[in-house]
Amino acid sequence: MAMATNENLPPNVIKQLAKELKNLDETPPEGIKVGVNDDNFSIIYADIEGPAGTPYENGVFRMKLILSHDFPQSPPKGYFLTKIFHPNIATNGEICVNALKKDWNPSLGLRHVLIVIRCLLIEPFPESALNEQAGKMLLENYDEYARHARLYTGIHALKPKPKLKTGAISESTAALNVDQTNTSAKCVDQKNAVSGAAPQPLPSPLAPKPENGQDHPAAMPSLAETGVSGSTAAPATLKKEAGLNKVPADKKKIDARKKSLKRL
């Protein structure tokens, strides 16, 4: 089948799309990066980062939106190109979300559609499942669902490009409550902003134990810690080694604090 070209879309739609895509490129929504073929605006690609606190964390998922010739009167069709275990995403990648079906409105832009799809990773809707196994599992045994979803994320998802702020050292010291409050707050803000109540993140067996009886928020496990994919074994070792270099200094501080508390 021949690929659709920009000729399939009316000039006014192409003009509007070009404006939207420029805006998405200059000010991308959180966790979403958009790409497009200049010769064919009818297929929009996006890389979506798995939101923090979900089984999709530490993975990047590629998807595409296919615009019909009568867009924006008809909604785009959405497909995940990266394999993902999710109730509302079929095994062929098709996405089931109301924004692309009954709630579609020609005035909704691509930004709205992409944010709604990322929200779906935070809060799935098992009642309208395209992947029945995932929907049933989510309703009956969240732990098992999260384990499956994390496994798929580790095997199939692209790895996020490392950001300067979150190197191996800051990840390993998160357990010692360094920079932890900011990360947790950001995750909560994001959930509240885009989807209201969301399923609670699965507690990690590696979550840090509360120190001195205080209840600290648990650090989110990284792929390296959960060890879901064999291919991450080498980086995991490096991360742990990088983390170990930092621990003795902080351990001394904690020991000193304990001693001063004993004196009281």
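Labelled according to an unreviewed UniProt entry, the protein chain appears under the name E2 ubiquitin-conjugating enzyme, originating from Sesamum angolense. Of the protein chain, the UniProt comment under Sequence similarities (unreviewed entry) reads exactly: "Belongs to the ubiquitin-conjugating enzyme family."

What follows is about the sheet that holds strand β4 (residues 77-80). Pairing is antiparallel in the open sheet, where four strands are placed in the order β1-β2-β3-β4. Each edge of the open sheet is held by one strand with a lone partner, namely β1 (32-37) and β4. Neighbour to neighbour, the strand axes of the sheet diverge by 25° on average, direction disregarded. Pairing of strand β2 (residues 40-49) with strand β3 (residues 60-66) involves seven bridges; the strand directions are antiparallel. Within the sheet, the bridge partner assigned to A46 lies in β3 and is M63. Sheet strands in contact with helix α1 (residues 11-26) are β1 and β2, and its direction is about 20° off that of β2.

Attention shifts here to the side chain of T82. When you line up the elements, T82 lands in the loop between β4 and α2 (110-122). Within polar-contact distance, the side chain of T82 engages the backbone nitrogen of R62 at 2.8 Å. Apart from the residues within four sequence positions on either side, T82 is in contact with V60, F61, R62, H156 and A157.

With that out of the way, let us pick up α1. In this model, α1 (16 residues) spans 23 Å end to end at C-alpha, consistent with the 22 Å of a helix rising 1.5 Å per residue. Within the sequence span of α1, burial applies to V13, I14, L17, E20, L21 and L24. Buried residues in α1, looked at end-on, bunch into an arc of 130°, giving them a common side. Facing away from the buried surface of α1 by more than 90 degrees, the exposed residues are P11, N12, K15, K19, K22 and E26. Next to the buried residues of α1 lie β1, β2 and α2.

In this structure's numbering, the residues bearing the UniProt feature "active site" (unreviewed entry) are C96. Looking at where C96 falls in the secondary structure, it is placed in the loop between β4 and α2. Among all residues touching C96, those that are not within four sequence positions of it are N88, K101, L120, S128 and L130.

Quick look at the pattern of salt bridges now. All told, the structure shown has four salt bridges when counted by the stated rule. Put simply, D47 and R62 hold a salt bridge, and the shortest N to O gap is 2.7 Å. Here D47, found in strand β2, pairs with R62, found in strand β3; they are 15 residues apart in sequence, far enough to count as distant. Judged by its relative accessible area of 21%, D47 falls in the partly exposed class.

Conventions and cut-offs
Residues numbered from 1 in each chain as written. Predicted model: local features only at pLDDT ≥ 70, side-chain atom pairs only at ≥ 80, totals over all residues. Heavy atoms only, no water. UniProt positions renumbered as here; feature names shortened; annotations may be inferred. Pairing = 2+ DSSP bridges. Helix = DSSP H or I, 4+ residues; strand = E, 2+ residues; numbered from the N terminus. Axes fitted to C-alpha atoms, helices over the stretch in contact; angles between N-to-C directions. Contact = heavy atoms within 4.5 Å. Polar contact = N/O pair within 3.5 Å; in protein donor to acceptor, adjacent residues only side chain to side chain. Expected span 1.5 Å × (residues − 1). Buried < 20%, exposed > 50% of the residue type's maximum accessible area, 1.4 Å probe, protein only. Arc of directions from axis to C-beta. Salt bridge = Lys/Arg side-chain N within 4 Å of Asp/Glu carboxyl O.

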